[in-house]
Structure formats: structure tokens, C-alpha cells
Amino acid sequence: MDRNDELFERAQRSIPGGVNSPVRAFRSVGGSPRFMQKASGPFMWDVTGKKYIDYILSWGPMILGHGNPEVLRAVHEACDRGLTFGTATEPEILIAEEIRKLVPSIETVRLASSGTEAGMSAIRLACGFTGRSKVIKFEGCYHGHSDRLLVKAGSGMLTFGHPSSAGIPAGVTADTIVLEYNNPQQLEDTFRSCGSEIACVIVEAVGGNMNMVKGSPEFIHAIRDLCTRYGAVMIVDEVMTGFRVALGGAQSVYGVKPDLTMLGKVVGGGMPVSAFGGRRDIMNMVAPLGPVYQAGTLSGNPVAVAAGLATLRLVQAPGFYDRLTSISRRLTEGLTEAARSEGVPFCADYCGGMFGLYFLPKVPTRFSEVTRADTAAFGRWFHHMLDAGCYFAPSTYEAGFVSIAHTDKEISHTIEAAREAFAALKAGQ
Ligand SMILES: Cc1ncc(COP(=O)(O)O)c(C=O)c1O
Ligand SMILES: NCC(=O)CCC(=O)O
């Protein structure tokens, strides 16, 4: 028993499953989750002192790598001025201005503390604005754990085989319609049958919670066109993709202008910040301007905003996303080649600083294809990689992330380790 095992046993006595978020448990791959003690750049160290190259990056936020000195300085300075005031502050204006500049579909923006809150608030707002109650989401997309959206959701929900949560009264999800991702025809048919009742369509334009599945341009533009035609609100959930797949998020990649956008993860630079924003006429419905209530004791927290603001400034460095994308490309091409040379059915894809690894013969385009992945092979590969000091998400239903701090050296090490892991798989180990 090493110190990770000891801590895991102890944690389970006081914390359900020993973790404060289910995706941290190693349930689908087996073994004890690693208890991390520190991180720097592209690395994390567990409590035994073992060093890992981090491809989870706190599930997306750490795009600059861990411990960026400018972000840390901003946080320390903000701490010295006060941890929270529960009042309006100037940095909230600065981050709102920065968000509006980088994501031009956002005319005004409200800050919250988690992606879950952003999603819950955005659909409440869409319903309040339209006076309608039906919400369309897509199978395998995860928008946080608010009740109305926790139906056929991705990420941990899929990993643990319960795509819809217990404890949510049927009435609460009665107006949530779940459709197939990348199926514009089904969406159009649904609008044709009940378009006047649909308040909003919420989508991850690049899905990152059923492994990584890119929306087809045809699908994303069909959502835009149908929402416009039927007076529904198009919500793009950019909690994962915002400032991650491109400076302007997935909406800039697809050239689509949503009515509302959700942000999280990178926008807080490792601290709890999320946001929802968009068309001014819709946002004007939010309290105190309008009748849609939304609030938060720690919303716009000055320390969290300082981390987010420093991060948003740093990602605007010239060439940042070209470099980030080339890191993802090198990694995914190297892994694919290593698998091919060892004869293991595997493929990979990437979008900006986000990637998907699939134990499948071809890149999936929808949830039903993702479920065909060889999860047993993935579990063995995952543990080989972990032993070799490469920390990937412990599930075939999660996307992976790189940071600007990942260098060729880490990528080469990872590809070499993967080659050995694929060879071991082939040898039946
Ligand atoms: C696309 C997407 N939306 C919403 C959320 C919820 O965010 P949070 O975990 O901050 O509540 C997540 C991740 O958790 C996400 O990946
Ligand atoms: N895909 C998983 C997440 O992005 C969220 C992490 C968490 O819920 O802890």
C-alpha cells in the first residue's frame, strides 16, 4: 500500500467515494485515484513524489500550464486587497470588457462561479425571454449538473453508466427534449412538430464530455437557422471550448453567432469563475433589469476574477493558439502512429488545445459510436501510461487537454511511453 492507497482508504471514510467530484475516481479504470500535492507547468506530483505530465489540466482551465507566474502574481495582489466584498468592483468590468472583445456575440455578460450555474441560468433566461418551456439538448453533451439538464448527459454520467440522475422529479425534465448529436434532420423534424414551444437549444459545438466529438458545420448551422426561424434561443456551451479551441471559442471556429454563450474553466484561469452572456435584449431580462432571477454571494469574486483576467490577457499573445494547436497535433499524430505501428485499433483527433483518444477504428461523430470504444483496452493503456508518468483522464468519455507549457520533450516522452503501452496491449498485458 503506498500513500495514495492509504489516503484513498481514509478519504472514503469521510467523503462519498473519497472524491469531491465523481470524475476524479478511477471507477471505470480501477485502482486508486492519485492524490496530487503540487503542480508546475505541464507537470503534477502525487503524494509519493511521482511526477506526471498532466493531460487533464484540472479538466480544462490550466491552458497556461500550472503556476503561471503572472497569474499567481495577480492572485496574490488581489488577495492582499481583500478576498471578497460582495459589492461591485472594477476588475469585474475589466473582465466583462475582455470577454466582449474576444467573443463578439456577447454584448453583456453576467459572472457566476461554475459552469453548472452558467448553464442553469442560461436556460432559465431563455425560458423567461421566450415565455416558452421546452429545452433541447443533445445526447452525450454535459452542461453541468442542474436538474433540467441532467438527462442523457455525458462525462461522469456516462463513465458510471447512469446517463440520467436519480433524485430529479420527472416533472422537472418533462420539458427537456434529448436529440441525437450531429443529426440536423431530427432537429428539424422536432422544430416542425413543436417549434413554437421551444425556448432554446443548448449545445457543445465541439463535444467534450463524450470523449471529443466535433459538431459538423452542417449541424451547428442548422441549430442557428432553426432557432432563428422559430424564435428559439441558441445557447452555445463554451465552458470547455471557450478560449480553448480558439481565442474566440468554438463559435469562431464554426463562424456561428449564438444568442447566448456559457463560459467557464479557462475564463477563471484555475479559480471559480463562469459566465453567461449574449444578446443585450435577452440579457436585459436578468435581475435587476428584468424578471429572471439569478444571483451569487461569490459571483465576480475579486481573487477569482484576477486569475481569469490575467489568463485572458496571456492567451492573446501572438501565435498562442497556433502553438497550442501544434502541440495537440504532434501529440495526437504521434499517438496514432505509435498505435498503428503496434497494430492496435486506435485513432485520435484534436481541436485547438483539446483532443480525443479513441480505442476505435475511426473518429466518432456521435454518442452511439463513442460507446463502441474498447474500454477494457483503454483501461490497460491508461494504467501503463500512468505508470510511465502520463496523466490522462480515467475514462473513454472524457476529452484531453494540452497547455502552452507542454514542450516537445513532454510530447516525445508521452509518445514513446504510448508506443510501449500499445505494444504491451498487443502482447496481451
Ligand atoms: C461543456 C461543459 N459545460 C458545463 C460544465 C459544468 O461546469 P462546472 O463543472 O464548472 O460546473 C462542464 C464541466 O464540468 C462542461 O464541460
Ligand atoms: N468532463 C468533465 C468535466 O469537465 C467536469 C469535471 C468535474 O465535474 O469534476
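No experiment lies behind these values; they were computed from the predicted model shown.

**Q** Explain the site of ligand 2 to me, and be specific about the residues and the numbers.
**A** As a structural note, the neighbourhood of ligand 2 is formed by Ser 21, Val 23, Trp 59, Ser 155, Asn 209, Met 240, Lys 265 and Glu 398. Between an oxygen atom of ligand 2 and a side-chain N or O atom of Ser 21, the distance comes to 2.5 Å. Contacts to ligand 2 include Lys 265, whose side-chain N or O atom sits 2.7 Å from an oxygen atom. Its residues assigned to classes, the shell around ligand 2 comprises three nonpolar, three polar and two charged.

**Q** I'd like a description of the site of ligand 1, backed by residues and values.
**A** All residues adjacent to ligand 1 are Ser 114, Gly 115, Thr 116, Tyr 142, His 143, Gly 144, Glu 204, Asn 209, Asp 237, Val 239, Met 240 and Lys 265. Within the backbone of Gly 115, an N or O atom sits 2.8 Å from an oxygen atom of ligand 1. A distance of 2.6 Å separates a nitrogen atom of ligand 1 from a polar side-chain atom of Asp 237. Contact with the protein chains hides 82% of the accessible area of ligand 1, taken as 380 Å² for the molecule alone. For the shell around ligand 1, a count of residues per class yields three nonpolar, six polar and three charged.

**Q** Any chance you could break down helix α12 (residues 320–342) for me, citing the residues and the numbers?
**A** With 23 residues, α12 extends 34 Å from end C-alpha to end C-alpha; this agrees with the ideal 33 Å at 1.5 Å per step. Looking at the packing, one finds that the buried side of α12 touches α11 (302–314), β13 (347–351), β14 (354–358), α14 (375–387) and α15 (408–426). Phi turns positive one or two residues past the end of α12, at Gly 343, with a value near 75 degrees.

The rules behind the values
- Residues numbered from 1 in each chain as written.
- Chains lettered and ligands numbered in written order.
- Predicted model: local features only at pLDDT ≥ 70, side-chain atom pairs only at ≥ 80, totals over all residues.
- Heavy atoms only, no water.
- Near = heavy atom within 4 Å.
- Polar contact = N/O pair within 3.5 Å; in protein donor to acceptor, adjacent residues only side chain to side chain.
- Nonpolar A, V, L, I, M, F, W, Y, C, P; charged D, E, K, R; others polar.
- Areas by Shrake-Rupley, 256 points an atom, 1.4 Å probe, with all protein chains shown as cover.
- Helix = DSSP H or I, 4+ residues; strand = E, 2+ residues; numbered from the N terminus.
- Expected span 1.5 Å × (residues − 1).
- Contact = heavy atoms within 4.5 Å.

Keep in mind these values describe shape, not function.
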